[in-house]
Amino acid sequence: MKRYLEALREKARNFLIYGIGKTLIYKLEKLITNYSLIGNSTFFEPDQFNWVEELESQSMRIRQELDQVLKYRDSLPTFQDISPDQGYYLSTDNRWKTYGFYGYGIKSQQNCKNCPETTRIIEKIPGMKTAFFSILLPGKHIPEHRGPYKGVIRCLLGLRVPEPKENCRIRVGNDIRYWEEGKAMIFDDTFPHEVWNETDGIRVVLFLDIVRPLRFPASWINLLFIKLIAWSPYVQDAMANQKKWEKRLDKVFAGS
């Protein structure tokens, strides 16, 4: 009976995520495209957002806390440890590590406590919903994929960028960009994109998902739908995984 109930739950979960959820999201994308206040290009210019300058000016404070986190790099979870729904097709090795702060507005209390300056900085960003350190080890390639929802835009703040920069890059659509330390890169992750770290060093960015600026009434609908996503099994399961890893990391940090 227990196995039957677990199988039934998994079927219901998959139907909500991959059936109803995806169908509704794709229908909303046309509305979001038509009501976008920032256009619909692959990359956006930093000066389109009044919070970018402040974020970039604080990059060294964030970097200082990142350096403390990286002392425990081997103990950090991989991307698929937190989000197996995406991990099964994005990353199956141990070369993409993460350290999470927020997931669709849900706060990772202990991780935020361990990095108070980073938390203070990201919480000032209007519409910030997801935030984590994204750590790519040498030789890591994230294959082409697209983000789950156009109602948010992605910002990647360069914190550790190995040389040569041409070997540490991202392609969004047909456009290729390179990271710079202390500089923010902002793009629409619903375009097909992929990432390479073909260097011998570690690439780290502060990964942020931020509510896309939209005209009313799409702005209101978007915020409502983001809340629904936060309540979905897709996010709730990932945050449950995050909480387990927080407890493990807290023991590691406390024992150092």
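All of the points below concern the structure found in this document. (Residues numbered from 1 in each chain as written. Predicted model: local features only at pLDDT ≥ 70, side-chain atom pairs only at ≥ 80, totals over all residues. Heavy atoms only, no water.)

### Quick look at the overall build of the chain
Reasoning step 1: Helix and strand counts for the chain come out as nine helices and 11 strands.
Reasoning step 2: Burial status across the chain gives 52% buried among its 256 residues.
Reasoning step 3: Here the contacts in the chain between residues at least 6 apart in sequence split such that 79% fall between residues at least 24 apart.
Reasoning step 4: Carbon and sulfur atoms make up 54% of the accessible area of the chain, which totals about 13,000 Å². (Helix = DSSP H or I, 4+ residues; strand = E, 2+ residues; numbered from the N terminus. Buried < 20%, exposed > 50% of the residue type's maximum accessible area, 1.4 Å probe, protein only. Contact = heavy atoms within 4.5 Å. Areas by Shrake-Rupley, 256 points an atom, 1.4 Å probe, with all protein chains shown as cover.)

### Points about helix α9 (residues 233-254)
Reasoning step 1: In this model, α9 (22 residues) spans 31 Å end to end at C-alpha, consistent with the 32 Å of a helix rising 1.5 Å per residue.
Reasoning step 2: Among all positions of α9, only Tyr234, Val235, Ala238, Met239, Asn241, Gln242, Trp245, Glu246, Leu249 and Phe253 are buried. Relative to the axis of α9, the buried residues are bounded by an arc of 160° and lie together on one face. α9 presents Lys243, Lys244, Lys247, Lys251 and Ala254 as exposed residues on the side facing more than 90 degrees away from its buried surface. (Expected span 1.5 Å × (residues − 1). Arc of directions from axis to C-beta.)

### Looking at a nonpolar patch on the surface
Reasoning step 1: There is a patch of nonpolar side chains on the surface, built from Phe216, Trp220, Leu224, Leu228 and Trp231 and spanning about 650 Å² of accessible area.
Reasoning step 2: Relative to the elements of secondary structure, Trp231 occurs in helix α8 (residues 218-231).
Reasoning step 3: For Trp231, a relative accessible area of 62% gives the class exposed. (Patch = residues over 30% accessible without salt bridge, like charges linked within 9 Å, V, L, I, M, F, W, Y side chains within 5 Å. Salt bridge = Lys/Arg side-chain N within 4 Å of Asp/Glu carboxyl O.)

### Observations concerning the sheet that holds strand β10 (residues 193-197)
Reasoning step 1: Pairing is antiparallel across the open sheet formed by four strands, whose spatial order is β5-β10-β7-β8. Both edges of this open sheet fall to β5 (141-145) and β8 (175-178), since each of them pairs with a single strand only. Across the sheet, the mean angle from the axis of one strand to that of its neighbour is 15°, orientation sign disregarded.
Reasoning step 2: When β5 meets β10, the two strands line up antiparallel, connected through three bridges. Residue pairing for β10: His141 is matched across the bridge by Trp196. (Pairing = 2+ DSSP bridges. Axes fitted to C-alpha atoms, helices over the stretch in contact; angles between N-to-C directions.)

### Description of helix α3 (residues 59-70)
Reasoning step 1: With 12 residues, α3 extends 16 Å between its outermost C-alpha atoms, agreeing within 8% with the 16 Å of an ideal straight helix rising 1.5 Å per residue.
Reasoning step 2: Residues Ser59, Ile62, Arg63, Glu65, Leu66, Val69 and Leu70 constitute the buried set of α3.
Reasoning step 3: Residues of α3 that are buried make contact with α2 (52-57), β2 (96-103), α7 (116-123), β4 (128-136), β6 (152-160) and β11 (203-211).

### A word on the pairing of β6
Reasoning step 1: Judged by how many residues are buried, β6 sits mostly within the fold: eight of nine residues are covered.
Reasoning step 2: Relative to strand β9 (residues 184-187), β6 runs antiparallel, the two sharing four bridges. By the bridge assignment for β9, Arg154 is matched with Phe187.

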